[in-house]
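Spelled out from the first residue to the last, the chains are:
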Amino acid sequence: MIIKPRFKKFFCITPHPIGCEYNVYNQIYYVKKRNIFLKKGPKRVLIIGASSGFGLASRIVATFGFEAKTIGVFFEKKKNFLNFSNEGWYNIAAFDKFSKILGLYSKNINCDTFTSECKNKVIKLIKKDLGKIDLVIYSVSTKSRKLSNNKIINAVIKPIYKKYTNKTINISKSKIINSTIKVANNKEIIDTISVMGGLDWELWMEELKKANVLEEGVKSIAYSCISSKLLSPIYKDSTIGLAKFDFNNSAKNIHKKLIKINGIVNVVILKTTITKSTYLNPFMNLYISILYKVMKNKNLHEDCISQIFRLMSTCLYNKYYKTDKYNRIRMDTWEKRRDVQKECKKIWLNVNSHNFKNETDYFNCKKDFLRLFGFRFSEINYKANVNTNININTF
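For the structure given in this document, a descriptive report is provided here.

### Regarding the packing of aromatic side chains
How two aromatic rings sit relative to each other is set out by the distance from centre to centre and by the angle between their planes. Throughout the structure, instances matching the rule amount to 16 aromatic pairs. When the ring of Tyr 22 is compared with that of Tyr 25, the centres are 6.0 Å apart and the planes differ by 25°; the resulting orientation is stacked. Linking Tyr 22 with Tyr 25, this pair stays in helix H1 (residues 17–34), spanning 3 residues, or about one helical turn. Residue Tyr 22 is classed as partly exposed on the basis of its relative accessible area, which comes to 21%. Relative accessible area serves as the criterion here: at 37%, Tyr 25 is assigned to the partly exposed category. Aromatic pair Tyr 25 and Phe 98: ring centres 5.8 Å apart, planes at 50°, arrangement tilted. Placement of the pair is Tyr 25 in helix H1 and Phe 98 in helix H3 (residues 87–101), with a sequence separation of 73 residues.

In structure tokens form, the structure reads like this:
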């Protein structure tokens, strides 16, 4: 069939298999061009949430940069019709294809990461193939979670103090509109922390420790984001902000459990970047369009793969790296620079439907967003029929 991008509200709901493969290839190429800078690093890695965004980028850097053996855990459903965005499925298929070409070990487990069944499958595979893991990366971002009683709870992005109204970009219509989000109730706050907080990271590390599959000196990191003060009411001081802050407590709890094996545990605060999850926040697309323009002008811009490459090459395996008062690795320091945020605020206050295409990096950001789903690559013939029935090997 011929596949074109289709939108639902702020989101693309159609993936292009060949375009997704090319997107993965470009990230691998970025790493292979620069792996001369990679010295000491991981050898046996577990990535929980490995099918897109920073989780996928982490797996690419570990595999094609350090030639580490990786197990990727994700929860993707194979859908062959055009109303379900399953680009993660095609990303994993592409990753497998290129790792096999180079003869590199990679195994996949497609399962609900919150379940005991998933954790047991991973532990069994580690014992069979790898023995022990020296790096665990937690990069799960999901909208819902099924509890042990089969009840489904949902995460929401809502302010916690009062309703929030601000500017955003309607991507499908390419114009700025005002959007309002009501304040969260107590149940929504609790559910969001349960779905997107650090508890599952704790449970994973507890089960891995209990099964004796963690190497002496194992590193464990979880990805988070703070973003800008411009969006504090709908990010830092919102349901999602509380969930992200919960990771700080989880990191402390995990550290206590890993003391005997000298485990190193950090939350990593990432720069605000174009990913599938960030665009679920309707106000984020305008901020990112502004941020990208400012940071590109200052030669400070990073996307997912370049940021994770820098994390792996200069911070995570550098004993002199610094952390903040919460023991977090800060990859967002360039974004947080006073001059960067000052310019972002100035543009934000003055941007409107008439000038935003010139005042922001809107066109390039829209292109980068669509590339997450396999579109907007000049090398791809989007008028050609493509096969959507692509299989992946899972355990």
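### Quick look at the nonpolar core
Among the nonpolar cores identified, the biggest contains 48 residues, and Leu 231, Tyr 287, Cys 344 and Phe 369 are the most heavily contacted of them. Of all the elements, helix H8 (residues 284–297) adds the most residues to this core, at 9 residues. In this structure, Tyr 287 is in contact with Ser 227, Ser 228, Leu 230, Leu 231, Thr 272, Glu 335, Gln 341, Cys 344 and Trp 348, ignoring residues within four places of it in sequence. Leu 56, Ala 68, Leu 311 and Ile 329 belong to the second-largest nonpolar core, a separate cluster that totals 38 residues.

### Some points on the pattern of salt bridges
Under the criterion given, the structure shown has 19 salt bridges. Residue Asp 200 pairs with Lys 119 through a salt bridge whose shortest N-O separation is 3.0 Å. Here Asp 200 is found in helix H6 (residues 199–210), whereas its partner Lys 119 is found in helix H4 (residues 116–130), with 81 residues between them in sequence. You can call Lys 119 buried: its relative accessible area is 5%. Among the salt bridges present, the one from Arg 337 reaches Asp 339, with a minimum N-O distance of 2.8 Å. A relative accessible area of 28% means that Asp 339 is categorised as partly exposed. Connected via shared salt-bridge partners are Lys 298, Arg 337, Asp 339 and Glu 343.

### Details of the sheet that holds strand E12 (residues 264–270)
Taken together, the 7 strands give an open sheet; going across it, the order is E5-E4-E3-E6-E11-E12-E13, and neighbouring strands pair in parallel fashion. Here the strands that pair on one side only, and so sit at the sheet edges, are strand E5 (106–110) and strand E13 (329–330). The pairing of strand E3 (residues 44–48) with strand E6 (residues 133–138) spans 4 bridges and is classified as parallel. Across the sheet, Ile 47 pairs through a bridge with Ile 137, a residue of E6. Seen against the sheet, H3 touches strand E4 (69–74) and E5 and runs at an angle of roughly 160° to E5. Its contacts with the sheet place H6 against E3, E6, strand E11 (214–225) and E12, and it is angled at close to 170° to E11.

### Here we look at the environment of Ile 176
Note on placement: Ile 176 falls in strand E10 (residues 175–181). Linking Ile 176 and Glu 21, residues 155 residues apart in sequence, is a C-alpha distance of 32 Å. Every residue in contact with Ile 176, bar those within four places of it in the chain, is listed here: Lys 167, Thr 168, Ile 169, Leu 286, Val 351, Asn 352, Ser 353 and Phe 356.

### Let's talk about helix H9 (residues 304–316)
The element H9 is largely enclosed, with a buried count of 11 among its 13 residues. Residues of H9 that are buried include every one of Cys 304, Ile 305, Ser 306, Gln 307, Ile 308, Phe 309, Arg 310, Leu 311, Met 312, Cys 315 and Leu 316, and no others.

### A few points about the state of the cysteines
Inspection of the entire model under this criterion finds 0 disulfides. Sulfur of Cys 12: no disulfide; nearest cysteine sulfur belongs to Cys 20 and is 9.3 Å away. Of the cysteine sulfurs around Cys 118, a residue in no disulfide, the closest is that of Cys 111, at 4.1 Å. Looking at Cys 118, the relative accessible area reads 0%, which means it is buried.

### Focus on the packing of helix H5 (residues 186–196) against helix H7 (residues 239–257)
In contact at an axis separation of 8 Å, H5 and H7 are set at 45° when each is read in the N-to-C sense. It follows from the interaxial angle that H5 and H7 lie oblique. As H5 runs across H7, the sense of the crossing is right-handed. Taken together, the residues of H7 that come into contact with H5 (itself represented by Ile 189, Thr 192, Ile 193 and Met 196) are Thr 239, Ile 240, Leu 242, Ala 243, Asp 246 and Phe 247.

What counts and what doesn't
Residues numbered from 1 in each chain as written. Predicted model: local features only at pLDDT ≥ 70, side-chain atom pairs only at ≥ 80, totals over all residues. Heavy atoms only, no water. Phe/Tyr/Trp six-rings, centres within 6.5 Å; stacked < 30°, edge-to-face > 60°. Helix = DSSP H or I, 4+ residues; strand = E, 2+ residues; numbered from the N terminus. Buried < 20%, exposed > 50% of the residue type's maximum accessible area, 1.4 Å probe, protein only. Core = buried A, V, L, I, M, F, W, Y, C linked by side-chain atoms within 4.5 Å. Contact = heavy atoms within 4.5 Å. Salt bridge = Lys/Arg side-chain N within 4 Å of Asp/Glu carboxyl O. Pairing = 2+ DSSP bridges. Axes fitted to C-alpha atoms, helices over the stretch in contact; angles between N-to-C directions. Disulfide = S-S within 2.5 Å. Parallel < 35°, antiparallel > 145°, perpendicular 65-115°, else oblique. Left-handed = near helix turned anticlockwise from the far one by under 90°.

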